[in-house]
Amino acid sequence: MSKSVFIAEKPSVAREFAKALHSDFKSADGYMESDKYIVTWCVGHLVTMSYPEAYDPVLKKWSLSTLPFSPKDFKYELIPATKKQFFVVKKILNRKDVDKIYVCTDSGREGELIYRLVKQEAKVTDKDERRVWIDSQTEEEIKRGITEAKPLSEYDNLSSAAYLRQIEDYLMGINFSRLLTLTYGNDVARKISMDRCVIAIGRVMTCVLGMIVNREREIRNFVTTPFYKVISKSDSFSAEWKVTDTSRYLDSSLIYKDNGFYDKEEACSFAEDLYKKQDLEIKDGDIKFIPKNNKINADANDLNDADSDGILENGTDSSETENNAQTEEKRLTAVISSLSKKKEKVSAPLLYNLAELQNECSKFFKISPDETLKIVQELYEKKLTTYPRTDARVLSTAIAKVVNKNIAGLGNIPAFAPAVKFILDNNLYAGIAKTKYVDDKKITDHYAIIPTGQGFGALSSLSATAKKVYEIICRRFLSIFYPPAVYEKIALEIELPVNGRTKTHNAVKTDTAESGESCSDAVTLEESKSDVNHVENSLAHKEYKENFNASFKALREKGYLEIAKPSFSKDKSSESEISPEVLKLKKGDKIFINCLEVKESETVPPKRYNSGSIILAMENAGKLIENEDLRAQIKNSGIGTSSTRAEILKKLNTNKYISTNKKTQVLTPTLMGEVIYDATSISIPQLLNPAFTASWEKGLNFVSNGVITSEEYMQKLSGFIDIRTRAVIQCNNKSVLMNKINELKKYYKNIR
């Protein structure tokens, strides 16, 4: 009697398939067998690519004369630690009574490669091979996957892409690691006090290191630019001055980003001019301008702004309150020139893919992407959630048709029972297929990570962190069926006419630095003042109008926020309210200004990556590219894959090229990391370019989709490695690298 074999990627998955098959299995060494079926497993990869010395013993010694290394046919060998299981699998796959093989390795490129290498080395032929493609390990999904299994040949393009990815990493790693180590290694070792130095290069790893080093150097070279905002404060709200078409500072080089002054004195002078009708005096040497003959209760009117750089005040003593008209005359009067009120609907965010979940877990729990992957893999294997290694953040139309089962299952968890009842009673899942949360075009291998609505018996065995990860997955899933949150938003502008100073401020405006840039090219303050002083009083009698802006936002209907907020969250950002006084305001109303505050601000450098934000940056590598055409070409291509990104970060840490703060998950490069960055930048700069790395991933997708052939891809790969290797050998950049290392002395010790 012929039998069917089910081969999984690991023992735990194999056991789930055995349960779903409902056959009387007997356990053996490395497999389970019944009258109809045999279930066996790999232990991850059982086969790997051979090192160069397997081709020729001479290649064991690193030498520039043997580079580039690029064999026409590649050799493979068994991994020693799992050799025993390989032979168990080989024997089963080649048994005469086995006529059908169900490939049940992970449904993705890497899972495909695991089986194809086993088949190749086990020399499996003349079998009916079927590919099982599933999104969760529930019994229902496993049975569906078996029933709908397609011929393995339909996945040949995916297999080709998997082989090429491994070959690409192998060739780039071996050739470029040997090349840069032989070229710079000894000099680097002496320079930074090391016994020996190996410069390890990886197609994706080196690019990610480049992103982290680039960000560190942006921060290191950042020049802070102070600027001064002018804030008006009335009884009910504060507003910030901004340049408009009616401002006398329009196109002035004295202004930073249309809402601040480069010079403190200029800001105070501007604020003083707004009080042009008042007879002002300076009090106590402070930057406080107080109307003469007007008693002030300074403590009451400082508005608790002890840290402010300057306040221009105009207030009245309580003894004068019997004459309100007189009090109002002694305050600045502004008019609301525009006011808009609107309702804003905010829908729930898209579902989690692995990158988004890793980023959230980094923020919530301060755990690494690798730890997050381990947790969500555990949730998957315990049937609590769907397949974790996915790039999609939406559902498929197929799962949308039966998603009510996932929802209903969550009703067994008390914390979610009210939400489940609300969704089911109101049939809120019925139209989900027509929303942004369902889109087959945005799914490659698997839909988003969602709860299965099953497996609750395993909840008690989860760690505290794993339970919280499961909670945020469930809450994100349930929230997409809720109505949007509704906010009330008010934006207003108040206007002050100014007739004051007769000099104009129309010095030619230059592009000043944005946050994160230096101001070396900006017009200096002295130059600007010089320009202003030479302007004639041609606009002396023109009336300018200065405008102050304020905005308010308050939650009116919670919508999806009712279920989205985790039980452990302390965030109260959605709980702000708008004061009744502001709600009553309308266009044309007069506003009395109690004081003007000159408040110092400064530009801030970009933030360092943390373990979560770098994963998102890797996923969205195309957005880092300035060239619009190139950005369009590699749209939806990232650096690495959802399966490999966490491992890449882990390797950078293991190699001590970066350091991860365990409490904050913030990433910083090490001295060795910066040295490798510099060695790469003067030798093979393409490896540091996210666009270049993402374009290789795009090429693999082309192979997977049958757009280009494996031969075309290999030709491009071999050509690149050959050209770059020969270029580095011909150049002599050692002195350049040593000079770059010298520049790092101020930041690191142990540099000679």
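Thresholds applied
- Residues numbered from 1 in each chain as written.
- Predicted model: local features only at pLDDT ≥ 70, side-chain atom pairs only at ≥ 80, totals over all residues.
- Heavy atoms only, no water.
- Buried < 20%, exposed > 50% of the residue type's maximum accessible area, 1.4 Å probe, protein only.
- Helix = DSSP H or I, 4+ residues; strand = E, 2+ residues; numbered from the N terminus.
- Pairing = 2+ DSSP bridges.
- Right-handed = clockwise from strand over helix to strand, strands pointing away.
- Axes fitted to C-alpha atoms, helices over the stretch in contact; angles between N-to-C directions.
- Parallel < 35°, antiparallel > 145°, perpendicular 65-115°, else oblique.
- Contact = heavy atoms within 4.5 Å.
- Nonpolar A, V, L, I, M, F, W, Y, C, P; charged D, E, K, R; others polar.
- Phe/Tyr/Trp six-rings, centres within 6.5 Å; stacked < 30°, edge-to-face > 60°.
- Lys NZ or Arg CZ within 6 Å of the ring centre and 35° of its normal.
- Arc of directions from axis to C-beta.
- Patch = residues over 30% accessible without salt bridge, like charges linked within 9 Å, V, L, I, M, F, W, Y side chains within 5 Å.
- Areas by Shrake-Rupley, 256 points an atom, 1.4 Å probe, with all protein chains shown as cover.
- Salt bridge = Lys/Arg side-chain N within 4 Å of Asp/Glu carboxyl O.
- Core = buried A, V, L, I, M, F, W, Y, C linked by side-chain atoms within 4.5 Å.

Engineer: Looking at this structure, I do not really get the pairing of strand β8 (residues 128-131). What am I missing?
Structural biologist: Remark: a regular strand shows side chains that alternate across the two faces of the sheet. Because side chains alternate across β8, one face comprises the buried residues Glu129 and Arg131, and the other comprises Asp128 and Arg130, none of which is buried. Note: strand β7 (residues 98-104) against β8, four bridges, orientation parallel. Directly across from Val103, in β8, lies its bridge partner Arg131. Assessed by its sense of winding, the connection that carries the chain from β7 through helix α3 (residues 109-122) to β8 is right-handed. Bridge count for β8 against strand β9 (residues 150-151) is two bridges, and the pairing is antiparallel.

Engineer: Which parts of the structure should I look at to understand the packing of helix α5 (residues 156-191) against helix α24 (residues 710-730)?
Structural biologist: For any two helices packed against each other, the geometry comes down to the angle between their axes and how far apart the axes lie. Put simply, α5 and α24 touch, their axes get as near as 11 Å, and they point 5° apart. Classified by the interaxial angle, the pair formed by α5 and α24 is roughly parallel. Side by side, α5 and α24 meet where Ser160, Leu164, Ile167, Glu168, Leu171, Met172, Asn175, Phe176, Leu179, Leu180 and Thr183 of the first sit next to Ser710, Tyr713, Met714, Leu717, Phe720, Ile721, Arg724, Thr725, Val728 and Ile729 of the second. By residue class, the composition of the contact of α5 with α24 is 14 nonpolar, five polar and two charged.

Engineer: Is there a simple way to think about the sheet that holds β8 in this case?
Structural biologist: In sheet architecture, strand pairing relies on hydrogen bonds along the backbone and comes in two forms, parallel and antiparallel. One open sheet holds the seven strands; their spatial order is β2-β3-β4-β1-β7-β8-β9, and the pairing between them is mixed. Looking at which strands have only one partner, the edges of the open sheet turn out to be β2 (26-28) and β9. Taken strand by strand, helix α2 (residues 83-93) contacts β1 (3-8), β3 (31-33), β4 (37-41) and β7, and its axis lies near 155° from that of β4. With respect to the sheet, α3 is in contact with β1, β7 and β8, its orientation differing from that of β8 by roughly 165°.

Engineer: Where do I start with the packing of aromatic side chains in this structure?
Structural biologist: Both the distance between ring centres and the angle between the ring planes are used here to describe each pair of aromatic rings. Tallied over the full model, the rule gives 29 aromatic pairs. Summarising the aromatic geometry, the rings of Phe261 and Phe270 are spaced 5.4 Å apart at their centres and angled 35° between planes, so their arrangement reads as tilted. The class for Phe261 is buried, based on a relative accessible area of 0%. Here the aromatic cluster, defined as three or more aromatic residues joined through ring pairs, consists of Phe176, Phe692, Trp696, Tyr713 and Phe720. Taking the ring centre of Tyr609 as reference, the NZ or CZ of Arg215 above it sits at 4.3 Å.

Engineer: Got a minute to help me understand helix α13 (residues 403-410) in this structure?
Structural biologist: Because the α-helix completes a turn every 3.6 residues, residues three or four places apart line up on one side. Of the positions making up α13, those classed as buried are Val403, Asn406, Ile407, Gly409 and Leu410. Down the axis, α13 shows its buried residues gathered within 160° of arc, on one side only. Buried residues belonging to α13 abut α12 (397-401), α14 (417-425) and α15 (464-479).

Engineer: Explain a nonpolar patch on the surface here, please?
Structural biologist: A cluster of nonpolar residues, Trp62, Leu64, Leu182, Val198 and Ile729, forms a patch on the protein surface that exposes about 360 Å² of accessible area. Look at Val198 and you get partly exposed, because its relative accessible area is 33%.

Engineer: Just to check I follow, could you spell out the nonpolar core for this structure?
Structural biologist: Within soluble globular proteins, side chains that are nonpolar generally end up buried alongside one another. In this structure, Ile101, Phe176, Val188, Ile199, Val208, Ile614 and Leu652 are the most contacted members of the largest nonpolar core, which totals 98 residues. A per-element tally of this core places α5 first, with 15 residues. Those residues in contact with Ile101, other than ones at most four positions away along the chain, are Val5, Ile7, Leu93, Tyr115, Val124, Lys127, Asp128, Glu129 and Arg130.

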